[in-house]
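Each chain, letter by letter, is given below.
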Amino acid sequence: MTVDISAPTVDAAPTVDEVVAATDKARAGGDPARWPDKLPVRDRLAVLFDPGTFVEDGLLATAADQALAADGVITGVGRVDGRPVAVIAHDFTVKAGSWGELTCEKQIRILERADRDLLPVVYLVDSAGGRLTDQMGFFPGRRGASAIFQLQVKLSGRVPQLCCLHGPSAAGGAYMPAFCDWVGMVDGNASMYLASPRVAEKVTGERTTLEEMGGAMMHATVSGCGDEVFDEDWEAIAAARLLLSYLPDDFRSAPARAESREPEREDWDGLVPVDPNTAYDVRDVVDRLVDAGSFFEIKARWAQELVTGLARLDGRVIGIVANQPQVRSGAIFVDSADKAAKFISTCDAFNIPLVFLQDVPGFMVGVEVERQGIIRHGAKMITAMASAEVPKYTVVLRKAYAAGYYAMCAPGFEPRATLALPTATIGPMGAEASVNAVYANKIAAIEDEDERATFVAARTAEQQADINLLRMASDLVVDAVVEPDRLRTELAARMVDADRWTRTTGRRHHPISPV
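Residues numbered from 1 in each chain as written. Predicted model: local features only at pLDDT ≥ 70, side-chain atom pairs only at ≥ 80, totals over all residues. Heavy atoms only, no water.

Engineer: Kindly report on the overall build of the protein, identifying the contributing residues and their values.
Structural biologist: Looking only at helices and strands, one finds 20 helices and 16 strands in the protein. For the protein, the spread of C-alpha atoms along the three principal axes comes to 120 × 55 × 45 Å. A fraction of 74% describes how many contacts in the protein between residues 6 or more apart in sequence connect residues 24 or more apart. (Helix = DSSP H or I, 4+ residues; strand = E, 2+ residues; numbered from the N terminus. Contact = heavy atoms within 4.5 Å.)

As structure tokens, then:
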């Protein structure tokens, strides 16, 4: 018997020209003409990063068989205003940006690097989900999609994670944006859903559209999963770049200072009405308080009875949590409690001082909100506020009633200072409402209208004396009563005094819990 011991046949080593051709093909991606209304993925990277700074990893994934350019995802590190930032960018022209084994591996590797080097991460998401032809590669194993989510949670609160959603984020992949600190969605293209309308109809019999179930406007106004909606791809990326300027590189750092700018407006006269039932836009207060053009509102379209956002005050980054009397009287609902909790948690994670602007009648009451769990959601907000270690400052603009006063950082929650405008009133409820609650039977028993009105007026005056602002200041409930045109100066001076603040622990304080 003769044994063949010759070497097995192997493919010839690639030539230089073949490597160059494979590289060029990988960079070219798929056919962008199939999606003419989308910015090509490498053009998105050009918007995100400073010119010439992006260094890519894994370009030649699957290049040996030339099946899928870069396996449908681009990863690497570039600079944003000189700061190193990691990126995951899906290429929808390659199998609709779907995930296979190497897609997952590339994403896991860049997230491991971000964790090791404490790099902020920007996700440019445009993916139809897992590639079912490679389900054993992306789904069940230790280096599959679950490892990506594990790393996102591990990074949460350690480094900023921002998502620009340019197209679909489907099935389990929908959690990639959900674990981020901010999600900007492109109207008409972006969507998030656990199952497509077709699958939903099969499972539940429900007929709907993609926009209704998972479109950008729905998530920005109803579910709260989206933070803002943009018309174009580049606008979402530009917003992410701007947002990064308010955030530190990691949990150990403070946000960068900027040159101070005077507010856009300084005319305070009559801005905050004395009548507690008269509506006004609290963003007009913000415009007069912060550096001109610096207010970056978060979740502006969702739970609008509460306004949250980042801004600069005398060049310092601050987080603002403000009741909005213009919408539902500024009462706190289930969604606005969640909105506050997420925002407060984010600011605390990244060492951003918090300013609470109070004009709150309390938490909303009634059968519907109780069934929605207003107590549970309110507790989430109060827990986030109470556990925040960053310097906190409370400003009572007008009314501060009931448990809403507590949730918006009452003195018992240790703000650095509780300031009040001359229009402020603090109490369990308004004086007139308190009288009606305490003396309801007595008032009903008085038949003469004039006598009844006299009684109510006297009792109301007694209640007002109890919650009088001068009384609050003399009892040290309020640290200072400040004229509106002096509020910015007062807050800035107090923030200088807190410049030496450090956290009590040297580790990450906490992850940032999704809304």
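Engineer: Before we move on, can you summarise the nonpolar core with the specific residues and values?
Structural biologist: One recurring pattern in soluble globular proteins is that nonpolar side chains are buried together. Ranked by internal contacts, the top residues of the largest apolar core, which has 57 residues, are Trp182, Ile344 and Leu354. The dominant element in this core, judged by the number of residues it contributes, is helix H12 (residues 334–349), at 8 residues. Setting aside residues up to four positions removed in sequence, tryptophan 182 forms contacts with Gln161, Leu162, Cys163, Cys164, Asp227, Phe230, Ala236, Ala239, Ala240, Leu243, Phe296 and Ile298. (Core = buried A, V, L, I, M, F, W, Y, C linked by side-chain atoms within 4.5 Å. Buried < 20%, exposed > 50% of the residue type's maximum accessible area, 1.4 Å probe, protein only.)

Engineer: Can you explain the environment of valine 355? Please cite residues and give values.
Structural biologist: You can see valine 355 is positioned in strand E12 (residues 354–360). Once the C-alpha coordinates of valine 355 and alanine 322 are considered, the two residues, 33 residues apart in sequence, prove to be 8.2 Å apart.

Engineer: Lay out unusual backbone geometry with the relevant residues and their values.
Structural biologist: Unusually for a residue other than glycine, alanine 303 sits at a positive phi of about 50 degrees. Of note, alanine 303 is situated in the loop between strand E9 (296–298) and strand E10 (306–313). Alanine 303 sits in the buried class, given a relative accessible area of 9%.

Engineer: I'd love a proper account of helix H11 (residues 282–289), names of residues and values included.
Structural biologist: Three or four residues apart is the spacing at which side chains of an α-helix point the same way, because the helix has 3.6 residues per turn. Every buried residue of H11 is listed here: Val282, Val285, Val286, Arg288 and Leu289. One side of H11 carries all its buried residues, which in axial view fall inside an arc of 165 degrees. Elements that come into contact with the buried residues of H11 comprise E10, strand E11 (316–323), E12, strand E13 (392–401) and helix H20 (487–497). Near the N-terminus of H11, the side chain that reaches the backbone nitrogen of arginine 283, with its oxygen 2.9 Å away, is that of aspartate 281. (Arc of directions from axis to C-beta. Polar contact = N/O pair within 3.5 Å; in protein donor to acceptor, adjacent residues only side chain to side chain.)

Engineer: Tell me what's going on with the environment of alanine 86, and back it up with residues and numbers.
Structural biologist: With respect to the element layout, alanine 86 can be found in strand E3 (residues 83–90). A relative accessible area of 0% means that alanine 86 is categorised as buried. For the pair formed by alanine 86 and glycine 214, sequence separation is 128 residues and the distance between their alpha carbons is 27 Å.

Engineer: An account of the pattern of salt bridges is requested, with residue identities and associated values reported.
Structural biologist: The final tally for this structure, using the stated rule, is 34 salt bridges. Residues aspartate 250 and arginine 252 are paired through a salt bridge, measuring 3.4 Å at the closest nitrogen-oxygen approach. Via salt bridges that share partners, Lys38, Arg44, Asp126 and Asp233 belong to a single interconnected network. (Salt bridge = Lys/Arg side-chain N within 4 Å of Asp/Glu carboxyl O.)

Engineer: So what about the packing of aromatic side chains? Which residues, and what values?
Structural biologist: For any pair of aromatic rings, the description consists of the separation of the ring centres together with the inter-plane angle of the planes. Within this structure, the stated rule accounts for 11 aromatic pairs. Geometrically, the ring pair formed by tyrosine 405 and tyrosine 406 is tilted, given 6.0 Å between the ring centres and 40 degrees between the ring planes. Here the basic side chain of arginine 328 rests over the ring of phenylalanine 333, its NZ or CZ set 3.7 Å away from the ring centre. (Phe/Tyr/Trp six-rings, centres within 6.5 Å; stacked < 30°, edge-to-face > 60°. Lys NZ or Arg CZ within 6 Å of the ring centre and 35° of its normal.)

Engineer: Quick rundown of the pairing of E3? Include the residues and the values.
Structural biologist: Across the 8 residues that make up E3, a large majority, 7, are buried. With 8 bridges joining them, strand E2 (residues 73–80) and E3 adopt antiparallel strand pairing. Along E3, the bridge assignment pairs valine 73 with histidine 90. Linkage of E2 to E3, two consecutive antiparallel strands, is achieved through a turn of 2 residues, within which aspartate 81 is found at a positive phi near 50 degrees. Relative to strand E4 (residues 121–127), E3 runs parallel, the two being bridged by 4 bridges. Opposite valine 87, over in E4, you have valine 122 as the bridge partner. Following the chain from E3 across helix H3 (residues 101–117) to the adjacent parallel E4, one finds a crossover that is right-handed. (Pairing = 2+ DSSP bridges. Right-handed = clockwise from strand over helix to strand, strands pointing away.)

Engineer: Describe the packing of H12 against helix H14 (residues 374–387), with residues and values.
Structural biologist: At their nearest, the axes of H12 and H14 sit 8 Å apart, and the two run at 20 degrees to each other. In terms of their interaxial angle, H12 and H14 are classed as roughly parallel. For the crossing formed where H12 meets H14, the hand is left-handed. Between H12 and H14, the residues in contact are Val334, Ala337, Asp338, Ala340, Ala341, Ile344 and Asp348 and Ile374, His377, Gly378, Lys380, Met381, Ala384, Met385 and Ser387, respectively. For the contact of H12 with H14, the residue count by class is 9 nonpolar, 3 polar and 3 charged. (Axes fitted to C-alpha atoms, helices over the stretch in contact; angles between N-to-C directions. Parallel < 35°, antiparallel > 145°, perpendicular 65-115°, else oblique. Left-handed = near helix turned anticlockwise from the far one by under 90°. Nonpolar A, V, L, I, M, F, W, Y, C, P; charged D, E, K, R; others polar.)

Engineer: Describe helix H10 (residues 233–244), listing the residues and the values that go with them.
Structural biologist: The end-to-end C-alpha distance of H10, which contains 12 residues, comes to 17 Å, matching closely the 16 Å that a straight helix rising 1.5 Å per residue would cover. Taken residue by residue, H10 has Asp233, Ala236, Ile237, Ala239, Ala240, Arg241, Leu243 and Leu244 as its buried positions. (Expected span 1.5 Å × (residues − 1).)

Engineer: Give a detailed account of a negative patch on the surface, specifying residues and quantitative values.
Structural biologist: Together, Glu262, Glu266, Asp269, Glu483 and Asp485 give the surface a local cluster of negative charge. Tracing the backbone through its elements, the reader meets glutamate 266 in the loop between H10 and H11. (Patch = residues over 30% accessible without salt bridge, like charges linked within 9 Å, V, L, I, M, F, W, Y side chains within 5 Å. Areas by Shrake-Rupley, 256 points an atom, 1.4 Å probe, with all protein chains shown as cover. Lys, Arg positive; Asp, Glu negative; His and termini not counted. Charge placed at Lys NZ, Arg CZ, Asp CG, Glu CD.)

Engineer: Hey, could you go over the side chain of serine 127 for me, with residue numbers and the actual values?
Structural biologist: Position of serine 127 relative to the elements: it lies in strand E4. The buried category is assigned to serine 127, whose relative accessible area is 4%. A polar contact is formed between the side chain of serine 127 and the backbone oxygen of glycine 97, at a distance of 2.7 Å. In this structure, serine 127 is in contact with His90, Phe92, Ala96, Gly97, Ser98, Trp99, Pro168, Ser169 and Ala170, ignoring residues within four places of it in sequence.

Engineer: Outline the environment of threonine 23, listing residues and values.
Structural biologist: Turning to its location among the elements, threonine 23 is positioned in helix H1 (residues 16–28). We classify threonine 23 as buried; its relative accessible area is 15%. Sequence-wise, threonine 23 and alanine 69 are 46 residues apart; in three dimensions their C-alpha atoms are separated by 9.0 Å. Residue contacts for threonine 23: discarding those within four places in its chain leaves Leu59 and Leu60. Polar side-chain contacts of threonine 23 include one of 2.9 Å to the backbone oxygen of valine 19.

Engineer: Got a sec to walk through the packing of H3 against helix H5 (residues 145–155)? Specific residues and values, please.
Structural biologist: As a packed pair, H3 and H5 sit with axes 9 Å apart at the nearest point and diverge in direction by 20 degrees. By the angle between their directions, the pair H3 and H5 is classed as roughly parallel. Seen from above, H3 lies across H5 with left-handed handedness. For the pair formed by H3 and H5, the contact residues are Cys104, Gln107, Ile108, Leu111, Glu112, Ala114 and Asp115 on the first element and Ala145, Ala147, Ile148, Leu151, Gln152, Lys154 and Leu155 on the second. Here the residues of the contact of H3 with H5 sort into 9 nonpolar, 2 polar and 3 charged.

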